[in-house]
Amino acid sequence: MLTATMRADWMALQIFIAARANHDVITHDLVDAVMSRDADKEQGKANKEMVRRIIRKCAQLERVRVIFTEEERYWAIREQLHHMTDAEVHALRDSIADGGDDDPRGWDRALINAISVRLSNRVPPRRLDGVTPVSIRLWREPRRPAAEETAPAAPDTAPLFTALAAYEQCVFGTAPRNLSDIARHLITLGKVAPAEHHLTVVEANAAVEDAWKALRTATSLTDRNAAHDQARAAVEQARAAILAVAPRAHRMHGTDLPATAEEIRKAALAYSAADATPEELSAIATGMVGVRVFCRSDSGTGWNVTATITAGVDSALGHIPAHPPIVLTFRKRDGRYDAAENMRRMFGRMFRISVPIDYVTGRRP
């Protein structure tokens with residue numbers, strides 16, 4: 001029969017061993033994981049608080065970093081952010097913002113506060129000078145389920161990509177041709193919109209068509225002015241209807257990037273549904289799926305890069321996009337490499353997709 005101290009000592013030893021494979025870092029998660037693994041053993045019934053006290057006492061001797069308190073975690077995150085470029089930290093902040101309430105990083109106060117301080121104009125404290133940050137990631141990345149793990153009751157993404165295409169049409173003005181395009185996209189959106197939003201889309205489409213007729217039939221200056229006012233109101237109503245169906249349709253977010261070949265084909269079909277020809281629909285079904293990252297350096301120093309990211313389908317008809325482009329601007333980290341290679345090295349790990357990614361460098365403007 002083991003005593004409580006013997007159980008705690010044995011379990012602390014197992015955690016120190018596990019820390020060697022965890023870059024010599026011990027967190028609450030590691031303690032919980034190791035103790036859960038050994039829960040069916042007598043040693044696994046050790047008191048966690050006693051185990052943590054032993055770990056804390058022996059940490060320096062074992063040469064491991066212990067991150068148990070929120071303050072310890074905050075400063076460890078500050079160390080990691082201190083070694084990231086401004087562009088990387090900005091990209092991290094934007095990614096968290098894009099994720100909304102579903103992104104666990106948005107609820108991580110230590111991470112959010114550390115990012116805020118890192119991007120401020122404050123002088124970094126001396127305790128960050130020359131430190132080597134821990135190698136493990138200290139915040140939980142949002143998990144994108146694989147296609148085979150998605151439950152049959154998973155939400156249909158077609159409304160989002162159809163709404164993205166429809167919202168794009170609302171920025172081209174109120175000329176009769178533009179109103180005709182908006183109406184066509186609203187009809188397509190109505191076919192895939194959830195039932196509770198169907199009437200809203202139908203009413204918006206009717207308003208756009210009425211405005212189109214008013215513009216076509218106006219003869220006097222007074223009638224034309226009234227028709228233009230009617231058209232502007234109709235476009236605003238169309239925007240509101242589109243956002244009711246897909247609140248994020250005002251712009252393409254990085255977290256909405258389709259991750260698998262099947263998802264990209266579905267997104268491309270939804271995004272092109274209002275305007276695609278039969279040949280293009282066939283090309284989407286049979287073409288080569290991938291993600292293009294087109295990078296271009298500025299015409300001045302060449303250090304500032306604009307990257308345009310688009311998932312889609314390549315075919316004999318050309319590249320058929322699955323969504324509006326995602327545009328990212330950043331500053332090169334390493335001048336020895338071109339814009340595309342800098343993009344790959346700095347942000348490539350953020351692409352959580354299972355299709356080929358083609359990084360291309362274009363000429364400076």
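None of the values given here were measured: they were computed from a predicted structure.

### Comments concerning the overall build of the protein chain
The helix and strand inventory of the protein chain stands at 13 helices and 7 strands. Radius of gyration (C-alpha) of the protein chain: 27 Å, far over the 21 Å computed for a compact globule of 365 residues. On the principal axes, the C-alpha backbone points of the protein chain span a range of 95 × 50 × 45 Å. The 365 residues of the protein chain split such that 44% are buried. The contacts of the protein chain with a sequence gap of at least 6 include a subset with a gap of at least 24, amounting to 66%. Counting only carbon and sulfur atoms, one obtains 53% of the accessible surface of the protein chain, whose full area is about 20200 Å². If you average the places of the 49 positive and of the 47 negative side-chain charges in the protein chain, the two averages end up 6 Å apart.

### Some remarks on the nonpolar core
Within the largest apolar cluster, 68 residues are counted, with the highest numbers of intra-cluster contacts made by Ile 242, Val 293, Phe 330 and Met 343. Beyond its immediate stretch of four places on either side in the chain, Phe 330 contacts Ala 87, Trp 303, Asn 304, Val 305, Ala 307, Ala 339, Asn 342, Met 343, Met 346 and Phe 347. Among the nonpolar cores identified, the runner-up in size contains 21 residues, and Trp 75, Ala 110, Leu 128 and Val 134 belong to it.

### A look at the side chain of Asn 205
Looking at the element boundaries, Asn 205 is found in helix α9 (residues 195–217). The class for Asn 205 is buried, based on a relative accessible area of 12%. Here Asn 205 is in contact with Ala 183, Leu 186 and Ile 187, once residues within four sequence places are set aside.

### A short note on the environment of Leu 215
Tracing the backbone shows Leu 215 in helix α9. Along the sequence, Leu 215 and Glu 263 sit 48 residues apart, while their C-alpha atoms lie 40 Å from each other.

### What about the packing of helix α7 (residues 158–169) against helix α10 (residues 221–245)?
Where α7 contacts α10, the two axes come as close as 9 Å, and the packing angle between them is 160°. Judged by the inter-axis angle, α7 sits roughly antiparallel to α10. Helix-helix and strand crossings are classified by hand; for α7 and α10 the assignment is left-handed. Within the contact between the two elements, α7 uses Pro 159, Ala 163, Ala 166 and Tyr 167 and α10 uses Arg 239, Ile 242, Leu 243 and Val 245. A per-class count over the contact of α7 with α10 returns 7 nonpolar, no polar and 1 charged.

### A word on the packing of aromatic side chains
Remark: the centre distance and the inter-plane angle together describe each pair of aromatic rings, the angle taken between the planes. Counted under the stated rule, the structure contains 3 aromatic pairs. Between the aromatic rings of Tyr 74 and Trp 75, the centroid separation amounts to 5.3 Å while the plane-to-plane angle is 80°, which identifies the pairing as edge-to-face. Grouping residues by exposure puts Tyr 74 and Trp 75 together as buried. The ring of Trp 75 has Arg 127 sitting right over it, with the charged end atom 4.0 Å from the ring centre. Over the ring of Tyr 337 we find Arg 345, and its NZ or CZ is 4.0 Å from the ring centre.

### Let's talk about unusual backbone geometry
The phi dihedral of Asp 24 is positive, around 60°, even though this residue is not glycine. By the element assignment, Asp 24 lies in the loop between α1 (4–20) and β1 (25–27). Assessed through its relative accessible area of 31%, Asp 24 is described here as partly exposed. Although it is not a glycine, Arg 63 sits at a positive phi angle of roughly 55°.

### Thoughts on the packing of helix α4 (residues 70–82) against helix α6 (residues 109–118)
Geometrically, a packed helix pair is captured by the angle between its two axes and the distance between the axes. For the pair α4 and α6, the least separation of the axes is 9 Å and the interaxial angle reads 40°. Classified by the angle between their axes, α4 and α6 sit oblique to one another. Crossing geometry of α4 relative to α6 is assigned as right-handed. Residue-level contacts link Glu 70, Arg 73, Tyr 74, Ile 77, Arg 78, Leu 81 and His 82 of α4 to Ala 110, Leu 111, Asn 113, Ala 114, Ile 115, Val 117 and Arg 118 of α6.

### Considering the side chain of His 253
When you line up the elements, His 253 lands in the loop between α10 and α11 (261–272). Here the side chain of His 253 touches Arg 251 through a polar contact of 3.0 Å, landing on its backbone oxygen. Contact partners of His 253, with chain neighbours within four places excluded, come to Asp 98, Arg 248 and Ile 326.

### Points about the confidence of the model for the protein chain
Averaged over all residues, the pLDDT of the protein chain equals 86, while 95% of them reach at least 70. Counting interchain partners and residues more than four positions distant, the pLDDT-below-50 stretch residues 145–152 has 3 contacts.

### Points about the pattern of salt bridges
What the rule picks out here adds up to 23 salt bridges. In this structure, Glu 341 engages Arg 345 in a salt bridge whose closest nitrogen and oxygen atoms are separated by 2.8 Å. Here Glu 341 pairs with Arg 345, and both are found in helix α13 (residues 339–347), just 4 residues apart, close to one helical turn. Taken together, the salt bridges that share partners define one network made up of Asp 32, Lys 48, Glu 49 and Arg 52.

### Points about the pairing of strand β5 (residues 318–321)
The pairing of strand β4 (residues 304–315) with β5 spans 4 bridges and is antiparallel. Of the residues in β5, the one forming a bridge with Asp 314 is His 319. Linkage of β4 to β5, two consecutive antiparallel strands, is achieved through a turn of 2 residues.

Rules used in this analysis
- Residues numbered from 1 in each chain as written.
- Predicted model: local features only at pLDDT ≥ 70, side-chain atom pairs only at ≥ 80, totals over all residues.
- Heavy atoms only, no water.
- Helix = DSSP H or I, 4+ residues; strand = E, 2+ residues; numbered from the N terminus.
- Rg over C-alpha atoms; globule rule 2.2 N^0.38 Å.
- Buried < 20%, exposed > 50% of the residue type's maximum accessible area, 1.4 Å probe, protein only.
- Contact = heavy atoms within 4.5 Å.
- Areas by Shrake-Rupley, 256 points an atom, 1.4 Å probe, with all protein chains shown as cover.
- Lys, Arg positive; Asp, Glu negative; His and termini not counted.
- Charge placed at Lys NZ, Arg CZ, Asp CG, Glu CD.
- Core = buried A, V, L, I, M, F, W, Y, C linked by side-chain atoms within 4.5 Å.
- Axes fitted to C-alpha atoms, helices over the stretch in contact; angles between N-to-C directions.
- Parallel < 35°, antiparallel > 145°, perpendicular 65-115°, else oblique.
- Left-handed = near helix turned anticlockwise from the far one by under 90°.
- Nonpolar A, V, L, I, M, F, W, Y, C, P; charged D, E, K, R; others polar.
- Phe/Tyr/Trp six-rings, centres within 6.5 Å; stacked < 30°, edge-to-face > 60°.
- Lys NZ or Arg CZ within 6 Å of the ring centre and 35° of its normal.
- Polar contact = N/O pair within 3.5 Å; in protein donor to acceptor, adjacent residues only side chain to side chain.
- pLDDT = per-residue confidence, 0-100.
- Salt bridge = Lys/Arg side-chain N within 4 Å of Asp/Glu carboxyl O.
- Pairing = 2+ DSSP bridges.

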